[in-house]
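Structural characterization, general
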Amino acid sequence: MRKKDIAHYLIGSNIDLLGSAAVILEKKGINVITFPESLYSEAGDTGKMIASMIRHFRGPRPSCLLFGGETTVTLSAKAGKAAGRRKRHYPHCGN
């Protein structure tokens, strides 16, 4: 089967997911702050931004900050095959 023979269907969006998550969290008594399109830069920079926001957060407790968007990872010429994966890169950036 060739790729062009595969049907693709959009069943939701980033906004749909954030909205659904907010409804569930609010029903559990958790204050929700949503940033629907805030993630759009390098994963490392985004991780640092989110870590700083969490450290300086003075809002009501319990709260959940929900972020949407998409980060990128720029690979250097020295990077190994798996070095640029966002899921590996992002969690290490807030330290």
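This write-up is about the structure you can find in this document. Bear in mind that the values here come from a model prediction, so they are computed numbers and not experimental data. (Residues numbered from 1 in each chain as written. Predicted model: local features only at pLDDT ≥ 70, side-chain atom pairs only at ≥ 80, totals over all residues. Heavy atoms only, no water.)

**Points about the pairing of strand E1 (residues 31-39)**
Quick reminder of the rule: Strand pairing follows a simple DSSP-based rule, namely that at least 2 bridges must link the two strands. Every helix listed is a DSSP run of H or I at least four residues long, and every strand listed is a run of E at least two residues long, numbered separately from the N terminus. Look down the strands so they point away from you; if going from the first strand over the helix to the second traces a clockwise path, that crossover is right-handed.
As paired elements, E1 and strand E2 (residues 63-69) share six bridges and run parallel to each other. Of the residues in E2, the one forming a bridge with isoleucine 33 is leucine 65. Each parallel crossover has a hand, and the one from E1 via helix H2 (residues 43-55) to E2 is right-handed.

**Some words on the environment of threonine 46**
Looking at the element boundaries, threonine 46 is found in helix H2. Considered as a pair, threonine 46 and threonine 71 are 25 residues apart in the sequence and their alpha carbons are 7.4 Å apart.

**Section: the nonpolar core**
The criterion, for reference: To form a nonpolar core, buried Ala, Val, Leu, Ile, Met, Phe, Trp, Tyr and Cys residues must be joined to one another through side-chain atoms within 4.5 Å. Only protein chains enter the accessibility calculation, which uses a 1.4 Å probe; a residue whose area is less than 20% of its type maximum is buried, one above 50% is exposed, and one in between is partly exposed.
By size, the foremost hydrophobic cluster in this structure holds five residues: Leu18, Ala22, Leu25, Val32 and Leu66. Among the elements that make up this core, the one with the highest residue count is helix H1 (residues 14-27) (three residues).

**Looking at unusual backbone geometry**
In this structure, proline 62 follows arginine 61 across a cis peptide bond, with omega equal to -5°. Looking at where proline 62 falls in the secondary structure, it is placed in the loop between H2 and E2.

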